[in-house]
Every structure is written in C-alpha cells, then in structure tokens.
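Observations on the model geometry
Residue-level listing of the chains:
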Amino acid sequence: MTVPERFYAFMHFKQLKARTVEMECGLSNGYLGKQRKNKGSFGGNILRKIEQRFPELNMTWLLSGDGEMLNAKYREVNAQMFDTLEEESAFYGSAQQEIIVLLKKQIEQMESALSDKQKLIQILEKQLVALEA
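So, a few notes on the structure that sits alongside this text. (Residues numbered from 1 in each chain as written. Predicted model: local features only at pLDDT ≥ 70, side-chain atom pairs only at ≥ 80, totals over all residues. Heavy atoms only, no water.)

If you look at the biggest cluster of nonpolar residues, it comprises 20 residues, and the most contacted ones within it are F7, L32, F42, I50, F54, L57 and L62. For this core, the secondary structure elements donating two or more residues are α1 (3-14), α2 (18-25), α3 (31-37), α4 (44-53) and α5 (59-64). It is α1 that provides the largest number of residues to this core, a total of five residues. If sequence neighbours within four positions are ignored, I50 has contacts with F7, C25, F42, L57 and L62. (Core = buried A, V, L, I, M, F, W, Y, C linked by side-chain atoms within 4.5 Å. Buried < 20%, exposed > 50% of the residue type's maximum accessible area, 1.4 Å probe, protein only. Helix = DSSP H or I, 4+ residues; strand = E, 2+ residues; numbered from the N terminus. Contact = heavy atoms within 4.5 Å.)

Below is the structure:
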C-alpha cells in the first residue's frame with residue numbers, strides 16, 4: 001500500500017472527503033487523487049501540512065505501514081468515545097422501546113375511541129331514518 005493509499009484509508013476512517021482535506025491542508029485541487037492514481041508519494045512539505053492538520057495520524061504508519069494508524073493518545077480517546085457512544089446508544093435504545101410501547105397503547109386507545117364513535121354514528125343514523133319514516 002502506498003502513502004497516498006494509507007492516507008485515503010485514514011480519510012475513510014475519519015469520514016473526510018479529499019477536497020475538504022486538500023482545502024484544509026492548503027493543497028491544490030485534485031492533488032490527493034492524482035498522487036493515489038499515479039501511485040506517487042507526498043513531499044516533505046505536504047507531510048508537514050498533513051501532520052499539522054491531523055496530529056492524531058501516526059506518521060510512521062503513514063510512511064511505512066508499521067504500527068497503528070492513530071497515535072496511542074488518540075486511540076485511547078477514540079476508545080473512550082466509543083464506550084460513551086455505546087452507553088448512550090443503549091440508553092436511547094431502551095428509551096425508544098418505551099416510547100414505542102406508549103405509542104402503541106395510544107393507538108389502541110384511539111382505535112377504541114374511533115370504534116365507539118362509529119357505533120354512535122350508526123345509532124344516530126338509524127334514529128334519523130326512523131324519524132324520517
């Protein structure tokens with residue numbers, strides 16, 4: 001895997017578009033795609049811009065593929081964020097289930113009220129027919 005391919009893997013992980021990264025790093029339009037397509041590399045100046053903009057990116061991994069994509073400090077932060085997201089997701093999931101149960105009960109009550117009103121309409125229609133006769 002080339003340096004640009006690893007950088008694209010990082011961008012995919014961060015859910016970043018090439019054009020956004022190019023603008024944020026002060027790169028020319030299409031630079032990343034061109035380097036990736038031509039199996040090129042990044043110059044030292046470009047690598048410094050990338051390192052400044054993305055301090056979480058492990059430059060050793062980017063250049064050689066050795067080690068982890070993210071620096072250790074950021075892997076810890078990501079793990080903590082993931083744990084928090086899992087907890088929040090579980091909480092909202094259970095709250096969502098409670099809301100669904102309440103909404104189903106409300107639907108049943110409305111259907112019952114509708115049925116009662118339809119019966120009342122039928123009774124009133126019969127009385128109206130009887131009065132007209």
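Turning our eyes to something else, we now look at α1. Between its first and last C-alpha atoms α1 spans 16 Å; for 12 residues at 1.5 Å apiece the expected length is 16 Å, and the two agree. Here α1 has its buried residues at V3, P4, R6, F7, Y8, F10 and M11. Along its buried surface, α1 packs onto α2, α3, α4 and α5. Following α1 by one or two positions, Q15 adopts a phi angle in the positive range, close to 60°. (Expected span 1.5 Å × (residues − 1).)

The final tally for this structure, using the stated rule, is five aromatic pairs. Ring centres of F7 and F54 lie 6.0 Å apart, and the angle between their planes is 65°; this geometry places the pair in the edge-to-face category. One end of the pair, F7, is in helix α1; the other, F54, is in the loop between α4 and α5, and 47 residues separate them in sequence. Using a relative accessible area of 0% as the deciding quantity, one classes F7 as buried. (Phe/Tyr/Trp six-rings, centres within 6.5 Å; stacked < 30°, edge-to-face > 60°.)

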